[in-house]
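Okay, here's what each chain looks like letter by letter:
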Amino acid sequence: MLPVQDAWQLIRTGGPIDARQFLLSLRETASGKNLDTRSRLLIRDGLAALEQHWGSGGLNRRLLAMDFPKQNHPNSPNDIQEGFFTLGDRIVDATDPNYLLQMLRELGTRVATPTTFIIGGSLTLMIDALITRHTDDVDLVDEIPATLRGEHELLAELCSRYGLKLTHFQSHYLPAGWNERVRSVGVFGKTTVMRVDPIDVLVGKLFSRRTKDLDDNRQAWPLIDQTIFRQRLVAEARRLSSAVGQIESARHNWYILTGEPELPKP
């Protein structure tokens, strides 16, 4: 079961909001006594956003299943003007990192040969609850191990069941020394899984032109140790800074994050 987060905290992040988590948080809010007008507005507009996302039938089935408290929603002219009308654009079906762990458990019990690999990319950030969004990719560093590349039927089956597929990216998109800072995800049967340190992932994303990588940094920025990020950017990102396009992307993204027009100097 998903942990219940505070609805106000979810909407104040400014980023995507997971639909399932948001519905749980709205139920928690709706179960309170003597709700103020703003809370009732949030429940009204939150449910409207979820109806836009799931459709009325999909939302109503979920409300019935969880015995969602009935509400008397505000509907005065002032209340209509003061609502939360951007919520519908922010609702997503975010990837649950527990699906990754379930997939790894099944993978580890079905491979014939002991296998080790390292995960990078957005799922590394999701494991630590630094970002919320959808992804289909389990990004492995450098390559998919040879022991798995031939398992086409198994990988296709796991992708169909968990909505995740194994892909890979090159380690030169990570800061120097990343391999000395990897963390353990766990041992799953015959499979040993490590993951790239989240700050190394974020430093690499700083040099990306992709807007979703900037958004990942924006979501994670308030939740990480920014001093360590700066230190690693200065000390370990020299090779990332060597390409003109990448350094310009990093400078732009850094300005968006911090308001500083230039990257930190060594």
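Below is a summary of the structure that appears in this document. (Residues numbered from 1 in each chain as written. Predicted model: local features only at pLDDT ≥ 70, side-chain atom pairs only at ≥ 80, totals over all residues. Heavy atoms only, no water.)

A few points about the overall build of the chain
Now for step 1: Assigned secondary structure in the chain consists of 12 helices and 7 strands.
Now for step 2: Seen along its three principal axes, the alpha-carbon backbone of the chain occupies a region of about 60 × 50 × 25 Å.
Now for step 3: A total of 266 residues make up the chain; the buried ones form 45% of that total.
Now for step 4: Long-range contacts, defined as pairs at least 24 residues apart, comprise 73% of the intrachain contacts of the chain with a sequence gap of at least 6.
Now for step 5: Carbon and sulfur atoms make up 49% of the accessible area of the chain, which amounts to about 14100 Å² in all.
Now for step 6: A gap of 1 Å separates the mean positions of the 32 positive and 33 negative side-chain charges of the chain. (Helix = DSSP H or I, 4+ residues; strand = E, 2+ residues; numbered from the N terminus. Buried < 20%, exposed > 50% of the residue type's maximum accessible area, 1.4 Å probe, protein only. Contact = heavy atoms within 4.5 Å. Areas by Shrake-Rupley, 256 points an atom, 1.4 Å probe, with all protein chains shown as cover. Lys, Arg positive; Asp, Glu negative; His and termini not counted. Charge placed at Lys NZ, Arg CZ, Asp CG, Glu CD.)

Some thoughts on the packing of helix H9 (residues 198-206) against helix H10 (residues 211-220)
Now for step 1: Interaxial distance between H9 and H10 falls to 8 Å at its minimum, and their mutual angle equals 135 degrees. The angle between H9 and H10 places the two elements in the oblique class. The interaxial crossing formed by H9 with H10 has left-handed handedness. Here H9 contributes Leu 202, Lys 205 and Leu 206 to the contact with H10, which in turn contributes Asp 213, Asp 216, Asn 217 and Ala 220.
Now for step 2: Its residues assigned to classes, the contact of H9 with H10 comprises 3 nonpolar, 1 polar and 3 charged. (Axes fitted to C-alpha atoms, helices over the stretch in contact; angles between N-to-C directions. Parallel < 35°, antiparallel > 145°, perpendicular 65-115°, else oblique. Left-handed = near helix turned anticlockwise from the far one by under 90°. Nonpolar A, V, L, I, M, F, W, Y, C, P; charged D, E, K, R; others polar.)

Observations concerning the nonpolar core
Now for step 1: Counting 47 residues, the largest nonpolar core has Val 138, Leu 206, Phe 207, Phe 229 and Leu 233 as its most contacted members.
Now for step 2: In terms of residues, this core owes the most to one element, H9, which gives 5 residues.
Now for step 3: Residue contacts for Leu 206: discarding those within four places in its chain leaves Asn 217, Phe 229, Leu 233, Ser 249, Ala 250, Asn 253, Trp 254, Leu 257 and Leu 263.
Now for step 4: Among the nonpolar cores identified, the runner-up in size contains 25 residues, and Leu 23, Leu 24, Leu 26 and Ala 30 belong to it. (Core = buried A, V, L, I, M, F, W, Y, C linked by side-chain atoms within 4.5 Å.)

Focus on the environment of Ala 237
Now for step 1: By the element assignment, Ala 237 lies in the loop between helix H11 (226-236) and helix H12 (244-258).
Now for step 2: Counting along the chain gives 147 residues from Ala 237 to Arg 90, while the straight-line C-alpha distance between them is 32 Å.
Now for step 3: Among all residues touching Ala 237, those that are not within four sequence positions of it are Val 203, Phe 207 and Arg 232.

Looking at the packing of aromatic side chains
Now for step 1: Across all of its chains, the model carries 4 aromatic pairs by this definition.
Now for step 2: Each ring, one from Trp 8 and one from Phe 84, has its centre 5.7 Å from the other, and the planes form 65 degrees; the classification is edge-to-face. Separated by 76 residues along the polypeptide, Trp 8 in helix H1 (residues 7-12) and Phe 84 in the loop between helix H4 (77-81) and strand E2 (91-92) bring together distant segments of the chain. With respect to burial, Trp 8 and Phe 84 carry one shared label: buried.
Now for step 3: On the basis of an interplanar angle of 10 degrees and a centroid distance of 6.1 Å, the ring pair of Phe 229 and Trp 254 is categorised as stacked. Taken together, the residues Phe 229 in helix H11 and Trp 254 in helix H12 connect sequence positions 25 residues apart.
Now for step 4: Assessed through its relative accessible area of 0%, Phe 229 is described here as buried.
Now for step 5: Taking the relative accessible area as the measure of exposure, Trp 254 reaches 0% and is therefore buried.
Now for step 6: Through a chain of ring-to-ring contacts, three or more aromatic side chains come together here, namely Trp 221, Phe 229 and Trp 254. (Phe/Tyr/Trp six-rings, centres within 6.5 Å; stacked < 30°, edge-to-face > 60°.)

Overview of the pattern of salt bridges
Now for step 1: In this structure the tally under the stated criterion is 23 salt bridges.
Now for step 2: The shortest N-O distance in the salt bridge between Arg 218 and Asp 215 comes to 3.2 Å. Pair noted here: Arg 218 and Asp 215 are both in helix H10, with a separation of 3 residues, about one helical turn.
Now for step 3: Owing to a relative accessible area of 40%, Arg 218 belongs among the partly exposed residues under this scheme.
Now for step 4: For Asp 215, a relative accessible area of 35% corresponds to the partly exposed category.
Now for step 5: Across the pair Arg 251 and Glu 262 runs a salt bridge, and its minimum N-O distance is 3.0 Å. Remark: Glu 262 occurs in the segment after H12 and Arg 251 occurs in helix H12; sequence separation between them is 11 residues.
Now for step 6: For Arg 251, a relative accessible area of 24% gives the class partly exposed.
Now for step 7: Look at the salt bridges and you will find they share partners, linking Asp 128, Arg 181, Arg 183, Arg 195, Asp 197, Asp 200, Arg 232 and Glu 236 into a network. (Salt bridge = Lys/Arg side-chain N within 4 Å of Asp/Glu carboxyl O.)

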